[in-house]
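# Fold and contact review
What follows is the residue order along each chain.
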Amino acid sequence: MIILSCILARGNSKAIPKKNIINLNGKPLISYSVSELHKCKDIDEVFVSTDNKEISDISKQYGAKVFNRDPKYALDTSSSEDALLEFTNKIKFDILVFVQCTSPGIKHEYINKGIEMVLSGQYDSVFSCFKQHWIPEYSLNLTPLNFKDTYSRRQDRESKLIDIGMFYVIKKEILLENKFRLRGKIGYVEIPLKDSFQIDNMEDLKLIEKLMK
């Protein structure tokens, strides 16, 4: 049984240039994910799929192997699945831990739990999430989206699971068959809110810097 992790880290990020290696409290962002993946008891190798030499060099410094992504899978129009399937078709493994390194609150304990769920045979794929209690939602033109006339008490409404994109665990055959990161019998690992934040823009970066100090 071969279990690999793959971090997707293309060089041409838009909102924050070179976001995957931006400095976060003295360390490149990608190092938080690589370091936690190395602590996982069942992961055999940690890979970074990238088209960028600087990301490649930094990833190697933190002990990751580099998968040289074809530039056609690193375009603004390329999906994560495009890059994952390129990796999956070229590298031998049985279970993949797909990580997006924009969640510096990632912990190896969370990843271990997801892997154990798949290894148990009860799940084919697992995602990371946090549980959000009901809050009123509106469209941009102020149309109510999840209520009609009045607000409900929170405890009277069903909570929902928010996929935070921190990590996914999936069997290789399920990924190849469905060409998507979550299929088959799906499970989830609930992440505490304090660790669930993602960095998508400079405002996120400044907030998370303060939370992590």
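Heads up: the structure comes first, above all this text.
What comes next concerns the included structure.

## A few points about the side chain of Asp-195
Position of Asp-195 relative to the elements: it lies in the loop between strand 9 (186-190) and helix 6 (202-212). Polar contacts involving the side chain of Asp-195 include one to the side chain of Lys-194, which spans 3.1 Å.

## Observations regarding unusual backbone geometry
The phi torsion at Asn-25 lies on the positive side, around 50 degrees, for a residue other than glycine. In the Ramachandran plot, Leu-142 falls in the positive-phi region, its phi being about 70 degrees despite a non-glycine side chain. In this fold, Leu-142 is placed in the loop between strand 7 (125-132) and strand 8 (160-171). Judged by its relative accessible area of 64%, Leu-142 is exposed.

## Here's the deal with the pattern of salt bridges
It is possible for side chains bearing opposite charge to pair when their charged atoms get close. If you walk through the whole model with that rule in mind, you get 13 salt bridges. For the salt bridge of Lys-107 with Asp-195, the shortest nitrogen-to-oxygen distance reads 3.5 Å. Here Lys-107 is found in the loop between strand 6 (95-99) and helix 4 (108-119), whereas its partner Asp-195 is found in the loop between strand 9 and helix 6, with 88 residues between them in sequence. Using a relative accessible area of 28% as the deciding quantity, one classes Lys-107 as partly exposed. Taken together, the shared-partner salt bridges in this structure form one network comprising Lys-41, Asp-42 and Glu-116.

## Some points on the pairing of strand 4 (residues 45-50)
Look at any regular strand and the pattern is simple: side chains alternate between the two faces of the sheet. Summarising burial for strand 4: five of the six residues are buried, a large majority. Strand direction decides the pairing type here: strand 1 (residues 3-8) and strand 4, joined by five bridges, are parallel. Following the sheet pairing, Leu-8 is matched in strand 4 by Ser-49. In this sheet, strand 5 (residues 65-68) lies alongside strand 4 in parallel orientation, the contact comprising four bridges.

## Examining the sheet that holds strand 1
Ordered in space as 5-4-1-6-8-7-9, the seven strands form an open sheet in which the pairing is mixed. A single partner strand is all that each edge strand has here, and the edge strands are strand 5 and strand 9. For this sheet, the mean inter-axis angle between neighbouring strands, taken without regard to orientation, is 30 degrees. Most of the contacts of helix 2 (residues 53-61) go to strand 4, to which it runs at about 170 degrees, and overall it touches strand 4 and strand 5.

The rules we used
- Residues numbered from 1 in each chain as written.
- Predicted model: local features only at pLDDT ≥ 70, side-chain atom pairs only at ≥ 80, totals over all residues.
- Heavy atoms only, no water.
- Helix = DSSP H or I, 4+ residues; strand = E, 2+ residues; numbered from the N terminus.
- Polar contact = N/O pair within 3.5 Å; in protein donor to acceptor, adjacent residues only side chain to side chain.
- Buried < 20%, exposed > 50% of the residue type's maximum accessible area, 1.4 Å probe, protein only.
- Salt bridge = Lys/Arg side-chain N within 4 Å of Asp/Glu carboxyl O.
- Pairing = 2+ DSSP bridges.
- Axes fitted to C-alpha atoms, helices over the stretch in contact; angles between N-to-C directions.
- Contact = heavy atoms within 4.5 Å.

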